[in-house]
Amino acid sequence: MTVFGVENDMPGNEQKKDLVERIERLRKEMRAIILAHYYTIPEVQDVADIVGDSLALARAAESTDADVIVFAGVYFMGETASILNPDKVVLMPDDRAGCPLADSCPADEFRVFKAEYPGAVVISYINSTAEIKAESDIICTSSNAERIVRQIPEDKEIIFGPDRNLGGYIMRKLERKMILWQGYCYVHDAFSWDVIRKAVEKYQGAELIAHPECREEVLEHADFIGSTSGLLNYTENSKNRVFIVATEPGILYEMRKRAPGKTFIPAPKDASQPWSTCTQMKQNTLEKLYECMEKRRPRIIVEEGLRQAALRPILRMLEMS
Ligand code: 13P
Ligand code: SF4
């Protein structure tokens, strides 16, 4: 079976029910909490204790009293949970599910880049490796980036990485120059106004909503721009009934649940692809979720020196947002 264009060996209904029951049993026995991002497949979202955006999931990982955190997301998310919880067991269904945006910013190259601007405040998007976090002063997510940048004194230079689209969006919104690392998310950067415009013309009256990881040419036409939870709140509360959604289509599952009478159309990527999928997020299957709990691996452990260095800017983010 395919989910938004990605092959997925989805179990049949009976097998699925059985897997869910086994996961529920293990969850109790292990005193585990299951966290899942909105871009994961519906079956995984259904079994999670908390489904959220990056900030909500980091907060949940920080405040939980569970013994085990099972993180259905991409690697930097599990890694962040582990940085916040050195005494807990952090498991991921698939630790090879990385985020290409995070991986587009190698620490050695970033150090050279940073050295060109001594004295600059380094703000890194949470979609970054532990090494990049350790090189940063403050971490941000798409839901608090604006609030965090606003708190930096005007006379300070800011380095922002690794996402150039989110950085550019904040720069334009706050009319404040920042030095940007030129990374991008392949899922969001793939959207173009040329293609989306056709959908906007087709669905007259629909609102275009977009994640700030999209390019400027898309954002400048959007009726609303926000993080995944921002987009969800907007569609739930808006008087409008039809939305073209320029982000990863996994989020449509929660959008439809929260506003069943409304229509959600994934923004098309190109003429042949009606959406843009994060293949890495879709690696989190129900089977792998069960298996990681049963085998207690893959476990995410961050070396203590690196953990301490990466923790500081994450805590700073949590204080500032
Ligand atoms: P959110 O924090 O908006 O959920 O974004 C996560 C992400 O990976 C977007 O591509
Ligand atoms: Fe990374 Fe983009 Fe996937 Fe988000 S959608 S996890 S930024 S590749």
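Shown above is the structure to which this text applies.
Values in this document were obtained by computation on a predicted structure and should not be read as measured data.

### A look at the overall build of the protein chain
- If you tally the helices and strands in the protein chain, you get 16 helices and 14 strands.
- Taking 2.2 N^0.38 as the reference for a compact globule, 321 residues should give roughly 20 Å; the C-alpha atoms of the protein chain span a radius of gyration of 19 Å, in line with that estimate.
- Projected onto its principal axes, the C-alpha positions of the protein chain cover 60 × 55 × 30 Å.
- Classification of the 321 residues of the protein chain by burial places 59% in the buried group.
- Put simply, 64% of the contacts in the protein chain that link residues at least 6 apart link residues at least 24 apart.
- With the model as given, the accessible surface of the protein chain reaches about 13900 Å², and the carbon-plus-sulfur share is 47%.
- If the 41 positive side-chain charges of the protein chain are averaged to one point and the 50 negative ones to another, these points end up 3 Å apart.

### Focus: the pattern of salt bridges
- Counting across every chain of the model gives 24 salt bridges.
- With a closest N to O distance of 3.2 Å, Arg197 and Asp194 form a salt bridge. Taken together, the residues Arg197 and Asp194, both in helix α11 (residues 193-202) and 3 residues apart, mark about one turn of the helix.
- Judged by relative accessible area, which is 32%, Arg197 ranks as partly exposed.
- When salt bridges that share partners are traced, they join Asp46, Glu236, Glu254, Lys257 and Arg258 into one network.

### A closer look at the sheet that holds strand β8 (residues 138-140)
- Spatially, 4 strands are ordered β8-β7-β9-β10 in an open sheet, and the strand pairing comes out parallel. Since the sheet does not close on itself, it has two edges, and those belong to β8 and β10 (179-180), each with one partner.
- Here 4 bridges tie strand β7 (residues 121-125) to strand β9 (residues 158-161), and the two strands are oriented parallel to one another. Along β9, the bridge assignment pairs Ile123 with Phe160.

### Regarding the nonpolar core
- The biggest cluster of nonpolar side chains holds 71 residues, and the ones touching the most others in it are Ile123, Ala246 and Met317.
- The dominant element in this core, judged by the number of residues it contributes, is helix α16 (residues 304-320), at 7 residues.
- Leave out the neighbours within four places in its chain, and Met317 touches Leu55, Ile126, Ile138, Ile139, Cys140, Thr141, Asn144 and Ile148.
- Val44, Ala72, Leu289 and Cys292 belong to the second largest nonpolar core, which has 21 residues in total.

### A short note on the site of ligand 2
- All residues in the neighbourhood of ligand 2 are listed as Tyr39, Val74, Cys99, Pro100, Leu101, Asn127, Cys185, Tyr186, Val187, Glu213, Cys278 and Met281.
- Grouping the constituent residues of the shell around ligand 2 by class yields 10 nonpolar, 1 polar and 1 charged.

### Notes on the packing of aromatic side chains
- Here the structure, examined in full by the defined rule, presents 7 aromatic pairs.
- Centroid distance Phe113 to Tyr117: 5.9 Å. Interplanar angle 70°. Geometry classified as edge-to-face.
- Consider the rings of Phe224 and Tyr234, whose centres lie 4.2 Å apart with planes at 5°: the pair is stacked. Linking Phe224 in strand β12 (residues 224-225) with Tyr234 in helix α13 (residues 228-237), this pair joins segments that are 10 residues apart in sequence.
- Residue Phe224 is classed as partly exposed on the basis of its relative accessible area of 24%.
- Site record: aromatic cluster; members linked through ring pairs are Phe110, Phe113, Tyr117 and Trp181.
- Between the NZ or CZ atom of Arg22 and the centre of the ring of Tyr290, over which it lies, the distance is 4.6 Å.

### Observations regarding the sheet that holds strand β4 (residues 50-52)
- Taken in spatial order, the 4 strands line up as β4-β3-β5-β6 in an open sheet, and their pairing is parallel. The open sheet has two edge strands with one neighbour each: β4 and β6 (89-91). When strand polarity is set aside, the average angle formed by the axes of neighbouring strands in this sheet is 20°.
- Here strand β5 (residues 68-72) runs beside β6; their pairing, made up of 3 bridges, is parallel. Paired with Val68 across the strands is Val89, a residue of β6.

### Section: helix α9 (residues 164-174)
- Listed as buried for α9 are Asn165, Leu166, Gly167, Gly168, Tyr169, Ile170 and Leu174.
- Its side-chain oxygen at 3.3 Å from the backbone nitrogen of Asn165, Asp163 defines the N-terminal cap of α9.
- Count one or two residues on from α9 and you reach Glu175, which has phi positive near 50°.

Cut-off values and rules
- Residues numbered from 1 in each chain as written.
- Chains lettered and ligands numbered in written order.
- Predicted model: local features only at pLDDT ≥ 70, side-chain atom pairs only at ≥ 80, totals over all residues.
- Heavy atoms only, no water.
- Helix = DSSP H or I, 4+ residues; strand = E, 2+ residues; numbered from the N terminus.
- Rg over C-alpha atoms; globule rule 2.2 N^0.38 Å.
- Buried < 20%, exposed > 50% of the residue type's maximum accessible area, 1.4 Å probe, protein only.
- Contact = heavy atoms within 4.5 Å.
- Areas by Shrake-Rupley, 256 points an atom, 1.4 Å probe, with all protein chains shown as cover.
- Lys, Arg positive; Asp, Glu negative; His and termini not counted.
- Charge placed at Lys NZ, Arg CZ, Asp CG, Glu CD.
- Salt bridge = Lys/Arg side-chain N within 4 Å of Asp/Glu carboxyl O.
- Pairing = 2+ DSSP bridges.
- Core = buried A, V, L, I, M, F, W, Y, C linked by side-chain atoms within 4.5 Å.
- Near = heavy atom within 4 Å.
- Nonpolar A, V, L, I, M, F, W, Y, C, P; charged D, E, K, R; others polar.
- Phe/Tyr/Trp six-rings, centres within 6.5 Å; stacked < 30°, edge-to-face > 60°.
- Lys NZ or Arg CZ within 6 Å of the ring centre and 35° of its normal.
- Axes fitted to C-alpha atoms, helices over the stretch in contact; angles between N-to-C directions.
- Polar contact = N/O pair within 3.5 Å; in protein donor to acceptor, adjacent residues only side chain to side chain.

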